[in-house]
Amino acid sequence: MTYQLTIEPLGETIPIREGQTVLDACLRNGIFIPYQCNHGLCSTCKITVLEGEVDLGDASPFALMDFERDDKRALACCARPMSDITIEADVDIDPDALYLPVNDVVGTVVGLVDLTHDIKGVTLEVPGDGLPFQAGQYVNLTVPGLDEPRAFSLANAPSKANFPELHVRRVKDGKGTGWVHHDLKVGDKVPLSGPLGRFYVRKSAANPMIFIAGGSGLSSPKAMIEDLLEEGWSGPITLFHGVRQARDLYFDGLFRELEAKHGNFTYVPVLSESDGTDGWTGETGFVHEAAIRRYDGVFKGNKAYLCGPPLMVEASIRALMKGRLFEHDIYTESFLTKADDNAKRSPLFQAI
Amino acid sequence: MSIADKSTAKPRKLGLKERYAHLTRGLGWETTYQPMSKVFPFTDYEGIKIHDWDKWQDPFRLTMDSYWKFQAEKERKLYAVIDSFAQNNGHLNITDARYVNAIKLFLTGVSPLEYSAHRGYAHVGRHFVGAGPRIACQMQAIDELRHAQTQIHTISHYNKFFDGLHDARHMHDHVWYLSVPKSFFEDACSAGPFEFLTAISFSFEYVLTSLLFVPFMSGAAYNGDMATVTFGFSAQSDEARHMTLGLEIIKFMLEQDEGNVPIVQRWIDKWFWRGYRLLTIVAMMMDYMLPKRVMSWAEAWEIYFEQGGGALFEDLSRYGIRMPKYHEVASKEKGRLSHEVWATFYNYTQATAFHTWIPEKDELDWLSAKYPETFDQLYRPRFEYWKEQSDQGKRFYNNVLPQLCVTCQIPMIFTEPDDPKTICFRSTLYKGERYHFCSDGCKDIFLYEPEKYIQSWLPVHQIYQGNCGGATVPEVLNWYHMSLGNDNMDYQGSPDETLWNEWTADRHKSAI
């Protein structure tokens, strides 16, 4: 049995299973509620139940007082739904979030192209309203024969909502990506749900922007930058794209074109395995090292958007923090499930 | 519907943070009658630079009004439990009267620290420029007072029946081994406001708290002491705020200015080592004083510091903060710490306000199993020898006063990090005097602030100088407010034991 959980003041609605805690449902859906002990003793994760009924579970009488129980308070780490519920939680309000509703749509494959030797570009067509999203967000794609959907970032600008574009790197022995690379044909119907995720441009801040992408992590930054340039964003934008070799670069021509056309946009491709025989004259090494060189190690005053493999994201966070840019100004989309990541982390950081 | 329509469709509710910001706006203002530097005279001298106090994140956003409501209900619940514990003679349900000695150690060694914490937070709560940390410190100051008070009230029930609990406050200020926790806290309270929070909120409440509070409270639960368990729960409900203050002060200092990083690192190094040395009494309590044991000190160190702390310092390394200096020494000592300390208290049982004993055979077996690499090789033979001697009427007492480490004030009982058979001695000359230390960690701390530590009130020195009631054991015990033959010496033959045996004999009789 699954209920609907609506979280105020975000207004977002997510599914919650019977027996699942409110905290677990929120964390698994990318909504961070502050928490600490995770078993009803510390009261960090206190919420208010605005509508519906919850089972308060093992909340300690010292962590959740009687007068609070009367006032419909609950601890998210212990509370389990008994109906559809609406809660108010201590979540940060983000003026840049559009909180678009999640839709289930069916896309028809209209374009399949090899972007590199191991990345396939998939363009879908979704009729009607299409799939409105905020640049940077992702969709879940249902793959035949797999229980869990696969997540892919949307690479098209939001203005092309009828033509969602995905970049899919072939993962060795990966069932989902294998299906995209080998079985998917033009004309196939693909069920999608989205938009999902909280990775999007914080336009209200007006700071210069740094995008650091690794491999097929270019998809979100591509959507974000195309969106910004389309609407005439005039602040400085720098994109670092790190790949192994020249053959791994894609949309290289597009970004060089955009760079020539927009004085505020800088494109920095970086090769980590350039052997000197490929005639490459651009940046080499790890992508975060190129960023350090370009910024002379000082990142303060920027907003940084990181998208790519966990190791690249972590190395970039360290470089940025060393350059005095902190959690408040760093946004990440790591290709890793949140549940995997939480285990060995301390509560020092919440968003990065 | 387009995206633009959606974003303006319905006015959303104000978030909790926004509502609190409106509620508290203007509470921290720039003074005009007096310069800010005179109103807040302690904010600069430690070298910490703060550029924007508004960057302080306060996740709790508690108003004074709701604070009182919360604490009042916590008190009502706790005192209901304490009353019923007293009415039902709850002390009869503990596993064994030896357990009460852990409570004696807690009441004389830890509860007074709660009171010191109250004073420390009240002081720094006055001295921060930012309203966020000021409010957090002021609330914590009241919490700590409540903790001290509830602990005293809870434990006072045991004072009706057992020895050694009658004058904890006086003992804390006078007794030799209690100068260890006392001087630890006075070191923190006499530092600046930023160092105080690094010492107590971060190093103590966050990094090491699971190794202090949890073992005592789990020990209470395992040994049938439900009153102590309840004050543990009552206090733990405040700890989330306290731990958050610890994390926030560190993040705040590290993000505000690059120049703060080395200062914070030095404080973390210092207070890790100070806190770790303070925990030696917990190690001993866990391995020797609980009739029913929870886990070994070595296991606790691995879980709470090596794993839990490891994750924290991995995250902190993003700021350029490394693991505390000498953390590897602490890990090398985990297999010997409790044994070295219990042996010391056994040696000086004539001057302790709790009872000591040689572990029973099954307890020695437990220690052998928990410490397979050290206990049988190094410590078990010694305890068995002392037992043998004692059985022959030759119970060993150490009548020589020990040399103390100037920094942590613990007797020089610890061994070389890489050689558990050699006592670790360190010393330095300062202004023509030689000062002695138990470890490189304690020596480093002294060398950075020698003028602070040469003022240490070292119990052994004070006894020799004639400041502690006299030159004989009875005179000093009298000065400690300890009753010879009641509060001190072995559990075997103590009034505590006699009373406990009577009670349990009655219980057996009535069962028949």
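Before any of the text, the structure's been laid out above.
For the structure given in this document, a descriptive report is provided here. The structure presented is a predicted model; accordingly, all values stated were derived computationally and were not measured.

### A closer look at the overall build of chain A
- A tally of helices and strands in chain A yields eight helices and 19 strands.
- In terms of overall dimensions, chain A is globule-like: its C-alpha atoms have a radius of gyration of 22 Å, near the 20 Å expected for 352 residues.
- Once the C-alpha set of chain A is aligned to its principal axes, its extents read approximately 70 × 50 × 40 Å.
- Looking at chain A as a whole, 42% of its 352 residues qualify as buried.
- In chain A, 70% of the contacts between residues at least 6 apart in sequence involve partners at least 24 apart.

### A closer look at the interface of chain B and chain A
- With 34 residues of chain B at the contact, the number on the chain A side is 35 residues.
- At the level of elements, α1 (3–8), α2 (16–24), α4 (64–87), α11 (226–256) and α14 (297–316) of chain B are the ones that each hand at least two residues to the side of chain B that touches chain A.
- For the side of chain B that touches chain A, the leading source of residues is α11 of chain B, giving ten residues.
- Of the residues assigned to the side of chain B that touches chain A, the class counts are 13 nonpolar, six polar and 15 charged.

### Side note on the sheet that holds strand β14 (residues 209–214) of chain A
Residues and elements named next belong to chain A.
- Taken together, six strands build an open sheet; the order of strands is β17-β16-β15-β14-β18-β19 and the sheet is parallel. Two strands in the sheet have a free side with no partner beyond their single neighbour: β17 (283–284) and β19 (330–334).
- Summarising the sheet, strand β15 (residues 237–243) and strand β16 (residues 265–271) pair through seven bridges and their orientation is parallel. Considered in β16, the bridge of Phe-240 is made with Val-268.
- Packed onto the sheet, helix α5 (residues 252–261) meets β15 and β16 and runs at close to 145 degrees relative to β16.

### Looking at the environment of Val-287 of chain A
- Within the secondary structure, Val-287 of chain A sits in helix α6 (residues 287–295).
- As a C-alpha pair, Val-287 of chain A and Ala-315 of chain A span 28 residues in sequence and 9.1 Å in three-dimensional space.

### Some details on the sheet that holds strand β2 (residues 12–17) of chain A
Residue and element names in this part refer to chain A.
- The mixed open sheet is built from five strands, whose spatial order is β2-β1-β7-β3-β5. Each having just a single partner strand, β2 and β5 (73–75) make up the two edges of the open sheet. Direction aside, neighbouring strands of the sheet carry axes that sit 40 degrees apart on average.
- Summarising the sheet, strand β1 (residues 2–8) and strand β7 (residues 85–88) pair through four bridges and their orientation is parallel. Note that in β7 the partner of Thr-6 across the bridge is Thr-86.

### Brief notes about unusual backbone geometry
All names here are of chain A.
- The omega torsion across Glu-8 and Pro-9 is 5 degrees, close enough to zero to call that bond cis.
- Counting through the fold element by element, Pro-9 comes out in the loop between β1 and β2.
- With an omega dihedral of 5 degrees, the bond running from Gly-194 to Pro-195 counts as a cis peptide bond.
- By secondary structure assignment, the location of Pro-195 is in strand β13 (residues 189–196).
- A positive phi angle, close to 60 degrees, is found at Ala-206, a residue other than glycine.
- Here the phi dihedral of Arg-324 falls at roughly 70 degrees; this positive angle occurs in a residue that is not glycine.
- Of note, Arg-324 is situated in the loop between α7 (310–322) and β19.

### Description of the pairing of β13 of chain A
Residues and elements named next belong to chain A.
- Of the strand pairs in this sheet, strand β8 (residues 103–114) and β13 are connected by six bridges, and their pairing is antiparallel. Among the inter-strand pairings, Thr-108 is bridged to a residue of β13, identified as Lys-189.
- In this structure, strand β10 (residues 138–141) lies alongside β13, joined through three bridges in antiparallel fashion. Paired with Tyr-138 across the two strands is Leu-196, which belongs to β13.

### Overview of the nonpolar core
- Counting 222 residues, the largest nonpolar core has Val-22, Leu-75, Ala-76, Phe-211 and Phe-240 of chain A as its most contacted members.
- Looking at this core element by element, the count peaks at 15 residues for helix α10 (residues 193–222) of chain B.
- By size, the runner-up hydrophobic cluster in this structure holds five residues, among which are Leu-78, Ala-227, Phe-231 and Ala-235 of chain B.

Rules used throughout
- Residues numbered from 1 in each chain as written.
- Chains lettered and ligands numbered in written order.
- Predicted model: local features only at pLDDT ≥ 70, side-chain atom pairs only at ≥ 80, totals over all residues.
- Helix = DSSP H or I, 4+ residues; strand = E, 2+ residues; numbered from the N terminus.
- Rg over C-alpha atoms; globule rule 2.2 N^0.38 Å.
- Buried ≥ 20, exposed ≤ 12 C-beta atoms within 10 Å, placed from the backbone.
- Contact = placed C-beta atoms within 7 Å.
- Nonpolar A, V, L, I, M, F, W, Y, C, P; charged D, E, K, R; others polar.
- Pairing = 2+ DSSP bridges.
- Axes fitted to C-alpha atoms, helices over the stretch in contact; angles between N-to-C directions.
- Core = buried A, V, L, I, M, F, W, Y, C linked by C-beta atoms within 7 Å.

By themselves, these figures tell us nothing about what the structure is for.
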